[in-house]
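# Chains, contacts and geometry: an overview
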Amino acid sequence: ATLFTRTTVRDLMTPTPATITPDAELREAAQQMLYLEVHRLFVEEDGRLVGVISQSDVARAVALART
């Protein structure tokens, strides 16, 4: 119970998360996730967070042949 009462998000967050731009190609996002060994990338445009892309988003796109 003390973990939830004394631990803040700041204590556990990734301070510099991996980012990508919205106009990057899907292949680049997939390669970056593999290289960095992360499951998601935060999408930034002009220094603002505009979305998140995950490995499951990439898999869904491939499965639906949207690539």
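Residues numbered from 1 in each chain as written. Predicted model: local features only at pLDDT ≥ 70, side-chain atom pairs only at ≥ 80, totals over all residues. Heavy atoms only, no water.

## Here we look at the pattern of salt bridges
Taken as a whole and assessed by the stated rule, the structure comprises 1 salt bridge. The closest approach of N and O atoms between aspartate 57 and arginine 60, which form a salt bridge, is 3.0 Å. Of this pair, aspartate 57 and arginine 60 are both found in helix H4 (residues 55-63), 3 residues apart, which corresponds to roughly one turn of the helix. What makes aspartate 57 partly exposed here is its relative accessible area of 27%. (Salt bridge = Lys/Arg side-chain N within 4 Å of Asp/Glu carboxyl O. Helix = DSSP H or I, 4+ residues; strand = E, 2+ residues; numbered from the N terminus. Buried < 20%, exposed > 50% of the residue type's maximum accessible area, 1.4 Å probe, protein only.)

## A word on the sheet that holds strand S3 (residues 48-54)
A sheet is described by the order of its strands in space; here 3 strands give the open sequence S1-S2-S3, paired in mixed fashion. Single-partner strands in this sheet number two, and they are strand S1 (19-20) and S3. As paired strands, S1 and strand S2 (residues 40-45) are joined by 2 bridges and run parallel to one another. For isoleucine 20, the partnering residue across the bridge sits in S2 and is valine 43. (Pairing = 2+ DSSP bridges.)

## Overview of the environment of serine 54
Looking at the secondary structure, you find serine 54 in strand S3. Each C-alpha atom of the pair serine 54 and alanine 29 lies 9.0 Å from the other, and the pair is 25 residues apart in sequence. Discounting residues that sit within four places of it in the chain, serine 54 has contacts with Met33, His39 and Arg40. (Contact = heavy atoms within 4.5 Å.)

## Some details on the packing of helix H3 (residues 26-36) against H4
Two elements in contact, H3 and H4, have axes whose closest approach is 10 Å; the angle formed by their N-to-C orientations is 135°. Between H3 and H4, the crossing angle belongs to the class labelled oblique. In this structure, H3 meets H4 at a crossing whose hand is left-handed. Between H3 and H4, the contacting residues are Leu26, Ala30 and Met33 on the first element and Gln55, Val58 and Ala61 on the second. (Axes fitted to C-alpha atoms, helices over the stretch in contact; angles between N-to-C directions. Parallel < 35°, antiparallel > 145°, perpendicular 65-115°, else oblique. Left-handed = near helix turned anticlockwise from the far one by under 90°.)

Just distances and angles here, no functional claims.
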